[in-house]
Amino acid sequence: QVQLVESGGGLVQPGGSLSLSCAASGSIFTVYTMGWYRQSTGEQRELVATITRGSTTNYTGSVKGRFTISRDNAKNTVYLQMNSLKPEDTAIYYCNADIVRQRDYPRTNHWGRGTLVTVSS
């Protein structure tokens, strides 16, 4: 089994910063693209940022210049540094990863259970 466990959510004031992390554990051979998605109440889950194993990044437009995604391949961990937070960033943030569990196995996609980020004064 593979588990993705997020941490670092919480309450922050507008303009503040928060850092999320997500560690993949379990039966893992290689972790490929990792990413963060978010879902606000009543909205569909949306992409926030992704990062390939080679550290090529992609961001949704609304977070460019404010959020930074990074990863540590040795720890199978992805991070999201969020600065200049706005109330509209309030959401449950989910970690996602493409993982090969054993050599010659196909890639499978996995989700974490999410961590709540609330931006409010």
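Heads up: the structure comes first, above all this text.
Residues numbered from 1 in each chain as written. Predicted model: local features only at pLDDT ≥ 70, side-chain atom pairs only at ≥ 80, totals over all residues. Heavy atoms only, no water.

**Some thoughts on the overall build of the protein**
The helix and strand tally for the protein stands at zero helices and 11 strands. Along the protein, helices (α) and strands (β) appear in the sequence β-β-β-β-β-β-β-β-β-β-β when read from the amino end. A compact globule built from 121 residues should have a C-alpha radius of gyration of about 14 Å, and the protein, at 14 Å, falls within 12% of that. C-alpha extents for the protein along the principal axes are approximately 50 × 25 × 25 Å. Going through the 121 residues of the protein one by one, you find that 38% of them count as buried. (Helix = DSSP H or I, 4+ residues; strand = E, 2+ residues; numbered from the N terminus. Rg over C-alpha atoms; globule rule 2.2 N^0.38 Å. Buried < 20%, exposed > 50% of the residue type's maximum accessible area, 1.4 Å probe, protein only.)

**What about the state of the cysteines?**
Inspection of every chain in the model, using the stated rule, returns one disulfide. Note on cysteine connectivity: C22 is disulfide-linked to C95, with sulfurs 2.1 Å apart. Taking the torsion about the sulfur-sulfur bond, which here is approximately -80 degrees, the covalent link between C22 and C95 counts as left-handed. Residue C22 is located in strand β3 (residues 18-26), and its partner C95 is located in strand β9 (residues 91-100); the two are separated by 73 residues in the primary sequence. This pair shows no difference in class: C22 is buried, exactly as C95 is. (Disulfide = S-S within 2.5 Å.)

**Focus: the packing of aromatic side chains**
In total, this model carries one aromatic pair according to the counting rule given. Judged by centre distance (5.0 Å) and plane angle (70 degrees), the rings of Y37 and W111 are edge-to-face. Here the residue Y37 occupies a position in strand β4 (residues 30-39), and W111 occupies one in strand β10 (residues 107-111), the gap between them amounting to 74 residues. In this structure W111 comes out as partly exposed when scored by relative accessible area, which is 39%. (Phe/Tyr/Trp six-rings, centres within 6.5 Å; stacked < 30°, edge-to-face > 60°.)

**Things to note about the sheet that holds strand β7 (residues 67-72)**
Pairing in this open sheet of four strands is antiparallel, and the strands run β1-β3-β8-β7 from one edge to the other. Each edge of the open sheet is held by one strand with a lone partner, namely β1 (2-7) and β7. With direction set aside, neighbouring strand axes in the sheet form an average angle of 15 degrees. Examined bridge by bridge, β7 and strand β8 (residues 77-82) share six bridges and lie antiparallel to one another. By the bridge assignment, S70 is partnered in β8 with Y79. (Pairing = 2+ DSSP bridges. Axes fitted to C-alpha atoms, helices over the stretch in contact; angles between N-to-C directions.)

**Digging into the side chain of N96**
Relative to the elements of secondary structure, N96 occurs in strand β9. Of note is the side chain of N96, whose polar atom sits 2.8 Å from the side chain of N109. Look past the residues within four positions of N96 in its chain and what remains in contact with it is L4, T33, M34, G35, Y37, N109, H110 and W111. (Polar contact = N/O pair within 3.5 Å; in protein donor to acceptor, adjacent residues only side chain to side chain. Contact = heavy atoms within 4.5 Å.)

**Examining the pairing of β3**
Where β1 meets β3, six bridges bridge the pair, whose relative direction is antiparallel. Residue pairing across strands places L4 opposite A24, the latter belonging to β3. Bridge analysis of β3 against β8 gives six bridges, and the strand direction is antiparallel. Residue S19 lies in a different strand from β8, and its bridge partner there is Q81.

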